[in-house]
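Residue-level structure breakdown
The residues making up each chain are set out below.
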Amino acid sequence: MIVCLLNPNQQLQINNFQKDFIQTNFHFCKKILKNYQNMILLNSFKNLSTDFSSIDLKSISNSIKNIIIYEPEIKPFSSDFSIPFYNQKSKFEFSLSSKIELTFDDRIHFFDFPLVFFNLKDGSKGEFLELNKKIGTNIFPLNIKVFRIGKCLCQNNSFILEDSLWKKLK
């Protein structure tokens, strides 16, 4: 599978945002879990009809014109959120997800990227939703200008990045 890895500075911003959200809301939740997946799976863009197996990484990186991560929203948990990097044994009710916009070959594609999974305690939903009407952070929308494209092999709790190259957008 082909993945996009954020540069370390932007990944740290997202990690800090996840940590702050969890610290602010852990007392409303029965369980809460950060999404440790640090990669954007290009295969997850449903309307992206490109077969990446036959294209080299340089061509893929040249086809990417823009990546934007928008402010996250609370959404019902979706089975579309596959987590190939670790075994998820429990079910969740909600997720905090950002919409990612990818401009690939001059066409715009969208994908929901989960940041946090959680189940709320009984009776805390109203207060939780009121507190989190607007997540409100100064890092979003996060315009990704420097990233890495790579071929990833995933198995259980680990992954190997076989090949990768850095890309800097103008």
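In this convention, every chain numbers its residues from 1, walking through the sequence in written order. At least 70 in pLDDT is required for a residue's local features to be given in this predicted model, at least 80 for side-chain atom pairs to be given and counted, and no such filter applies to totals for whole chains, interfaces and linings, which use all residues. Water and hydrogen atoms were dropped before computing side-chain values, which therefore reflect all heavy atoms in the structure.

Another point: the overall build of the protein. Comment: elements are numbered from the N terminus, with helices defined as DSSP H or I runs of at least four residues and strands as E runs of at least two. Along the backbone of the protein there are three helices and 10 strands. Helices (α) and strands (β) of the protein occur, in sequence order from the N terminus, as β-α-β-β-α-β-β-β-β-α-β-β-β. When accessible area is computed with a 1.4 Å probe and restricted to protein chains, residues below 20% of their type maximum are described as buried, those above 50% as exposed, and intermediate ones as partly exposed. Counting only residues that meet the buried cut, the protein has 45% of its 170 residues in that class. Should any heavy atoms of two residues lie within 4.5 Å, those residues are counted as being in contact. Of the contacts formed within the protein by residues at least 6 apart in sequence, a portion of 74% connects residues at least 24 apart. Accessible surface area values rest on a Shrake-Rupley calculation with a 1.4 Å probe, where residue burial reflects the displayed protein chains alone. For the protein, the exposed surface amounts to about 9,400 Å²; the carbon and sulfur share of it is 50%.

Next up on the list: the pattern of salt bridges. Side chains carrying opposite charge are able to pair once their charged atoms draw close together. Note on definitions: salt bridges are taken to be side-chain nitrogens of Lys or Arg within 4 Å of carboxyl oxygens of Asp or Glu. Under the criterion given, the structure shown has two salt bridges. Between Lys 75 and Asp 112 there is a salt bridge; the shortest N-O distance is 2.9 Å. Of this pair, Lys 75 sits in strand 5 (residues 73-76) while Asp 112 sits in strand 7 (residues 107-120), and the two are 37 residues apart along the sequence. Between Asp 112 and Lys 99 there is a salt bridge; the shortest N-O distance is 3.1 Å. Taken as a pair, Asp 112 in strand 7 and Lys 99 in strand 6 (residues 94-104) lie far apart in primary sequence, 13 residues in all.

A word on the packing of aromatic side chains. Where two aromatic rings form a pair, the distance of their centres and the angle of their planes describe that pair. Two rings belonging to Phe, Tyr or Trp (six-membered ring only in the last case) form a pair when the distance between their centres is within 6.5 Å. Interplanar angles under 30 degrees mark stacking, angles over 60 mark edge-to-face geometry, and anything in between is tilted. In total, this model carries nine aromatic pairs according to the counting rule given. Each ring, one from Phe 17 and one from Phe 140, has its centre 5.2 Å from the other, and the planes form 80 degrees; the classification is edge-to-face. A residue pair is termed long-range when its members are at least 10 positions apart, and Phe 17 in helix 1 (residues 8-25) and Phe 140 in the loop between helix 3 (125-131) and strand 8 (142-144) qualify at 123 residues. The pair formed by Phe 17 and Phe 140 is uniform in burial state, with each residue classed as buried.

In this section: the nonpolar core. Note that soluble globular proteins tend to have their nonpolar side chains buried in a common cluster. To form a nonpolar core, buried Ala, Val, Leu, Ile, Met, Phe, Trp, Tyr and Cys residues must be joined to one another through side-chain atoms within 4.5 Å. Formed by 36 residues in total, the largest nonpolar core has its most connected members in Ile 64, Phe 118 and Ile 149. Looking at this core element by element, the count peaks at six residues for strand 7. Here Ile 64 is in contact with Leu 42, Leu 102, Thr 103, Phe 104, Phe 147, Ile 149, Lys 167 and Leu 169, once residues within four sequence places are set aside. Ranked by size, the runner-up nonpolar core spans five residues in total, among them Val 3, Leu 5, Leu 41 and Cys 152.

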